[in-house]
Amino acid sequence: MESDADDLFHLHNDPEVMRYLNGGRPTPREEIAERTLPALIGGGFYTALDKRQAGRFLGWFHLRPAEGGTDEEPELGYRLHQAAWGRGYATEGSRALIAKAFGELGARRVSARTMTVNLGSRRVMEKSGLRFARTFPLDSLAHVEGWEQGGVEYELLRPEWQAARDAGHSG
């Protein structure tokens, strides 16, 4: 557990990783150990490990109901170390969790959210098969650069996922 807390501490204290989440502010170790780690262990979170490099910790993904949401509409999320950016890990992990949501968990809709200015995360959502759904205000992130442009939500509905899956199996 101590090594898990260390991994999360390093991830959650990289200013670039946290740029669009809290403006790059440091996260105290106590918060990682007492709140973040137990929340991740509590369910809906998946550790991303690089099997080619002796299981090196890359970050995490989540697939769980959004706050106030239902199991039928899980929200996808991810947080990866900079060394994992641009290497396909976020897209691969997202696609796997989308398939799990529709194929195993009976979801009717999967969504993901980020800041409008977070172009890297938006590209991952698009490559994963999600489509732009809406924008929304981000007043709670007024301390984060780009907050005034709001946030974006992407989504994929079960019929769209099924049609894409069926098209991939024909021929």
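Read on for a plain summary of the structure. (Residues numbered from 1 in each chain as written. Predicted model: local features only at pLDDT ≥ 70, side-chain atom pairs only at ≥ 80, totals over all residues. Heavy atoms only, no water.)

1. Considering the packing of aromatic side chains
Here is step 1: Scanning all chains against the criterion turns up four aromatic pairs.
Here is step 2: For the pair Phe102 and Trp161, a centre-to-centre distance of 5.2 Å together with 25 degrees between the ring planes defines the contact as stacked. Separated by 59 residues along the polypeptide, Phe102 in helix 4 (residues 89-103) and Trp161 in helix 6 (residues 158-169) bring together distant segments of the chain. Accessibility classification places Phe102 together with Trp161 in one group, the buried group. (Phe/Tyr/Trp six-rings, centres within 6.5 Å; stacked < 30°, edge-to-face > 60°. Helix = DSSP H or I, 4+ residues; strand = E, 2+ residues; numbered from the N terminus. Buried < 20%, exposed > 50% of the residue type's maximum accessible area, 1.4 Å probe, protein only.)

2. Considerations on the pairing of strand 1 (residues 45-50)
Here is step 1: Sheet analysis places strand 1 next to strand 2 (residues 56-65), joined by six bridges and oriented antiparallel. The residue of strand 2 that forms the bridge with Ala48 is Gly59.
Here is step 2: Linking strand 1 to strand 2, which pair antiparallel, is a turn of five residues; within it Ala54 sits at a positive phi near 55 degrees. (Pairing = 2+ DSSP bridges.)

3. A look at the environment of Lys100
Here is step 1: With respect to the helices, strands and loops of the structure, Lys100 is situated in helix 4.
Here is step 2: With a relative accessible area of 23%, Lys100 lands in the partly exposed category.
Here is step 3: Here the alpha-carbon distance between Lys100 and Leu63, two residues 37 residues apart in the chain, equals 9.2 Å.
Here is step 4: Not counting residues up to four positions away in its chain, the partners in contact with Lys100 are Tyr46 and Leu105. (Contact = heavy atoms within 4.5 Å.)

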